[in-house]
Amino acid sequence: MGFPATDLGAIWLTLRLAAATTVLLFVIGTPIAWWLANTRSWWKAPLGAVVAMPLVLPPTVLGFYLLVAMGPHGPIGQLTQFIGLGLLPFTFWGLVVGSVIYSMPFVVQPIQNAIESVGSRPLEVAATLRAGPWDAFWTVLVPLARSGFITAGILGFAHTVGEFGLVLMIGGNIPEVTRVVSVQIYDHVEALEYVEAHWLAGSMVLFSFLTLLALHVFNPTWRGRK
Amino acid sequence: MSSPAGIRARFKLDYPGFAFDVDLELPGRGVTAVFGPSGSGKTTLLRCVAGLLRVPAGHLTVNGETWQEGSHFQPTHRRPLGYVFQEASLFPHLTVRGNLDYGMKRVPVAERKVSLDRAIGLLGIGHLLDRKPEGLSGGERQRVAIARALLTSPRLLLLDEPLAALDLARKQEILPYLERLHDELEIPVLYVSHAPDEVARLADHLVVLEAGGAVAAGPMVETLARLDLPIRLGEDAGVVLEGTIAERDERWQLARVDCSGTDFWVREGGHAPGHAVRVRILARDVSIALNRATDSSILNIIPAEVIELREEAHPAQVLVKLKLGATPVLARVTRRSVDALGLVPGRQVYAQIKAVALIA
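Quick caveat: nothing in here was measured; it's all calculated off a predicted structure.

Caption draft 1: Inspection of helix H1 (residues 42–50) of chain B at higher detail. Residues and elements named next belong to chain B. Most of H1 is tucked away, with 8 of its 9 residues classed as buried. Of all the residues in H1, the buried ones are Lys 42, Thr 44, Leu 45, Leu 46, Arg 47, Cys 48, Val 49 and Ala 50. Trailing H1 by a residue or two, Gly 51 shows a phi angle of about 85°, which is positive.

Here you go:
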């Protein structure tokens, strides 16, 4: 026996959600990580704390506030309505917004650590060799901080796959739109479909194991050397 | 106000606990050593010149080009300079060849003056090209870093204690390469160092920094011979002179060095006649006599004129500046001897030089 069509739909949706979230997190998280790694501003500690907050907040709390903010009377909701996007709750892109915030620390922190461990010297060297900041970012920082970027990508993707409470709060349980794997498992258990629940839950265990294995494999040996 | 040739640098910085204020006019060619103790601002000066540190009210022109003036600030990557850092700064993710190419390929072909083959030959790194930096010795890494900087065809080369992280044997390995740079390339060099032997061997011009300010700047021979701030290159005040090997005495294993008309006998160093060398004479190795001693073991007894005297920290001692023809030399004698011999400016004497060190 394999996965029924509804399960496959949930898996596909989950993968799309995690992929979109990871891509967006690289785009948004890298500048934040860069700023946190280099700033001496008073704002470093507060902003760092805000980015890390999803680590300790119950996902339901985050989901609740996002639901309110993205709702018809919330600031984000008013903005999305104003620019013609409609309302985000109970849509795929609403889930993406929630996931980006929820998984932010898992992407920002590895990149920030990697940028800090590379230090400013290699970029200064690149500047004395005529490389502008953008050029140096791609040809020096990204290769040297590679393991941090890989770790960030794997953790951001995996953490998004594993979310549950936030999805229930802002996505509900709409097949093909917001019903991700973790919600589907919940439904199976509610309906006493233990065999189906085993298949999906077992897949998640395997996925998590492979993810953590990948983290070790992709940590290049030169890391930590001077 | 900028003179067409030369480097004009004015920087002022106020950090808590460190004030940096220099106003320098340096020659646009040759090696200028920036000498001084740790914390005197040597690296700060170099970082300001490179544009790695932005001083709001700074001014910098290099051989007619303005790099910083008022609100105009050319960022580092637009300044035609080469920079060699104190510690190995090769990119670990690139091979030696990749490191050399990194700077070179960012310089337009028409502006490339130093070819890859030339740089590889000058620094002797042809056999390392396919290696990764982690497999190189400290000395090899610095040679690659110097070649990498040269390949950007810089109009100013900045060397920040490039030998400081190396042991004595590695230093001896690199110094000849730096001398070749000095002799063969026309690129002006700012060489930061606190090592007297490097300065004595390489520098033409000397800037002495102390506590964030320049206490002396000028051609090396004259600057070292100044009495008002005897600069200790190592354990003692002294002068460094440039000359050429005039003659070799095979029997006694000696060589005669001609320093702008004044001859010194030194221990043979294996150099052929005509070879350019430098000698160092420390003040404590020079004594003064009124008559030429004919029964002395000292080889170098040379007629001299007393130019200036200055008391030293210990009241028993006096530092005397002598001129041997056109060549300045410092002598340290006791105050009693000054009195006994009647040493005053203008007095004709004999300088008895016990040791002349051949340093390059």
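Caption draft 2: Structural context of the environment of Ser 103 of chain A. All names here are of chain A. Within the secondary structure, Ser 103 is located in helix H5 (residues 92–118). Its 28 C-beta neighbours within 10 Å are what place Ser 103 among the buried residues. In the structure, Ser 103 is positioned 49 residues away from Pro 54 in sequence and 7.4 Å away in space, judged by C-alpha atoms. Those residues in contact with Ser 103, other than ones at most four positions away along the chain, are Thr 21, Leu 25, Gly 156, His 159 and Thr 160.

Caption draft 3: The arrangement of helix H3 (residues 116–123) of chain B in detail. All names here are of chain B. Along H3, the residues classified as buried are Ala 119, Ile 120 and Leu 123. Seen end-on, H3 carries its buried residues on one side only, within an arc spanning 95°. The inward-facing, buried residues of H3 contact helix H4 (138–150) and helix H5 (168–184). Once H3 ends, the next one or two residues include Gly 124, with phi positive near 60°.

Caption draft 4: Expanded view of the interface of chain A and chain B. Each partner contributes residues to the interface: chain A has 15 residues there, and chain B has 19 residues. Mapped by element, the contributors of at least two residues to the side of chain A that touches chain B are helix H6 (121–128) and helix H7 (133–144) of chain A. The element that contributes the greatest number of residues to the side of chain A that touches chain B is H6 of chain A, accounting for 6 residues. Taken together, the residues of the side of chain A that touches chain B break down into 9 nonpolar, 2 polar and 4 charged.

Caption draft 5: Focus on the sheet that holds strand E20 (residues 348–353) of chain B. Residue and element names in this part refer to chain B. As summarised here, the arrangement of the 5 strands in space is E16-E20-E17-E18-E19, forming an open sheet in which the pairing is antiparallel. Each having just a single partner strand, strand E16 (286–289) and strand E19 (327–334) make up the two edges of the open sheet. The sheet shows a mean angle of 45° between the axes of neighbouring strands, direction not considered.

Caption draft 6: The domain arrangement of chain B, seen in detail. Residue and element names in this part refer to chain B. Domain annotation of chain B identifies domain 1 (7–224) and domain 2 (238–358). Centre-to-centre, using C-alpha coordinates, domain 1 lies 34 Å away from domain 2. Of all the secondary-structure elements, those providing two or more residues to the side of domain 1 that touches domain 2 are helix H6 (196–202) and helix H7 (220–224). It is H7 that contributes the most residues to the side of domain 1 that touches domain 2, 3 residues altogether. Of the residues contributing to the side of domain 1 that touches domain 2, the split by class is 4 nonpolar, no polar and 1 charged.

Caption draft 7: Examining the pairing of strand E17 (residues 300–311) of chain B more closely. All names here are of chain B. Of the strand pairs in this sheet, E17 and E20 are connected by 6 bridges, and their pairing is antiparallel. Counted as the bridge partner of Pro 303 is Tyr 350 from E20. In the sheet, E17 pairs with strand E18 (residues 317–324) via 6 bridges, with the strands oriented antiparallel. Of the residues in E18, the one forming a bridge with Glu 311 is Val 318. Turn length for the E17-E18 hairpin, with the two strands adjacent in sequence and antiparallel, is 5 residues.

Caption draft 8: Layout of the nonpolar core. With 149 residues, the main nonpolar core has Ala 147, Leu 158, Tyr 191, Ala 331 and Ala 351 of chain B as its most contacted residues. For this core, the element with the most residues is H5 of chain A, which contributes 12 residues. Beyond its immediate chain neighbours, meaning those up to four positions away, Ala 147 of chain B contacts Leu 100, Ala 119, Ile 120, Leu 123 and Ile 125 of chain B.

Caption draft 9: Geometry of the UniProt feature "transmembrane region" (unreviewed entry) in chain A. Residue and element names in this part refer to chain A. Here the UniProt-annotated "transmembrane region" (unreviewed entry) positions come out as residues 12–37, 49–70, 82–102 and 197–218. Segment residues 49–70 splits into 73% helix and 0% strand. End C-alpha atoms: 23 Å apart. With 95% helix and 0% strand, the stretch residues 197–218 has end C-alpha atoms that lie 31 Å from each other.

Caption draft 10: Structural context of unusual backbone geometry. All names here are of chain B. With a phi close to 40°, Glu 161 is a non-glycine residue in the positive phi region. For Glu 161, a count of 21 C-beta atoms within 10 Å translates into the label buried. Its identity as a non-glycine residue notwithstanding, Ala 211 has a phi of 50°, on the positive side. Looking at the element boundaries, Ala 211 is found in the loop between strand E10 (205–210) and strand E11 (213–219).

Definitions and limits used
Residues numbered from 1 in each chain as written. Chains lettered and ligands numbered in written order. Predicted model: local features only at pLDDT ≥ 70, side-chain atom pairs only at ≥ 80, totals over all residues. Buried ≥ 20, exposed ≤ 12 C-beta atoms within 10 Å, placed from the backbone. Helix = DSSP H or I, 4+ residues; strand = E, 2+ residues; numbered from the N terminus. Contact = placed C-beta atoms within 7 Å. Arc of directions from axis to C-beta. Nonpolar A, V, L, I, M, F, W, Y, C, P; charged D, E, K, R; others polar. Pairing = 2+ DSSP bridges. Axes fitted to C-alpha atoms, helices over the stretch in contact; angles between N-to-C directions. Domains from an automatic or database assignment. Core = buried A, V, L, I, M, F, W, Y, C linked by C-beta atoms within 7 Å. UniProt positions renumbered as here; feature names shortened; annotations may be inferred.

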